[in-house]
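Structural overview
One letter stands for each residue in the lines below.
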Amino acid sequence: MGTGRIGFEGLSWPIRTRRASLRPVTPHDRDAVHAYRSRDDVTTYLGRGPMSLEDVDERIAENLERRRPGHPRPLLGLVIEVDGAVVGDCMVRFAADDNGMRTAFIGYTLHPASAGQGLATEVAAALVRLCFTELGVAMVQADVFVPNLAS
């Protein structure tokens, strides 16, 4: 794959797994995202502390900006819904190496009430499929902190 522009505008939403739906995050998701990203037990492995409402607003705005066609650092921020309720979020961000190979980095965050049920595995598998079948990446990578045994 070359270093051509990565675009999200041609994707169909939502992406469905057995139990969840994935769709782009919007400002309307603010309160639901804040409900879990404001928790110490959720943010332990995210490299930052609990998020305020303003932090969530900034993150959503950044997601919207980086989803824009032609953005130099594309990122696809999605929410995870189960039975119509936002229970987490996930993302795909991209990089190209010196040889032009596209790499996708995936990550996910779940509300503790939805953790431990295999949902993150479902979501990660859906993101990997999306990367290889729709977004033309050559490699997918997910980083997990060693103490995060659940992941």
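Preceding block: the structure.
All of these numbers come straight from a predicted model, not from anything done at the bench. (Residues numbered from 1 in each chain as written. Predicted model: local features only at pLDDT ≥ 70, side-chain atom pairs only at ≥ 80, totals over all residues. Heavy atoms only, no water.)

Further remarks concern the sheet that holds strand S1 (residues 15–16). In spatial order, the strands read S1-S2-S3-S4-S5-S6; together these six strands make up an open sheet with mixed pairing. Among the strands making up the open sheet, the edge pair consists of S1 and strand S6 (139–141). Inspection of the sheet shows strand S5 (residues 102–110) paired to S6 by three bridges, in the parallel sense. Within S6, the position partnered with Thr103 by the bridge is Met139. In this fold helix H1 (residues 30–37) packs onto strand S3 (75–82), strand S4 (85–96) and S5, with an angle of close to 85° to the strand it touches most, S4. Helix H3 (residues 53–67) rests against strand S2 (21–24), S3 and S4 of the sheet, and its axis sits at about 125° to S3. (Pairing = 2+ DSSP bridges. Helix = DSSP H or I, 4+ residues; strand = E, 2+ residues; numbered from the N terminus. Contact = heavy atoms within 4.5 Å. Axes fitted to C-alpha atoms, helices over the stretch in contact; angles between N-to-C directions.)

Attention now goes to the side chain of Glu81. Counting through the fold element by element, Glu81 comes out in strand S3. Within the local environment of Glu81, its side chain forms a polar contact with the side chain of Arg23, the two groups lying 3.1 Å apart. Apart from the residues lying within four places of it in its own chain, the contact partners of Glu81 are Arg19, Ala20, Ser21, Arg23 and Val86. (Polar contact = N/O pair within 3.5 Å; in protein donor to acceptor, adjacent residues only side chain to side chain.)

Turning to the packing of H1 against H3, a few remarks are in order. At their nearest, the axes of H1 and H3 sit 9 Å apart, and the two run at 120° to each other. Regarding the angle of H1 to H3, the classification is oblique. The handedness of the crossing between H1 and H3 comes out as right-handed. Residues Arg30, Asp31, Val33, His34 and Arg37 of H1 pack against Leu53, Val56, Asp57, Arg59 and Ile60 of H3. (Parallel < 35°, antiparallel > 145°, perpendicular 65-115°, else oblique. Left-handed = near helix turned anticlockwise from the far one by under 90°.)

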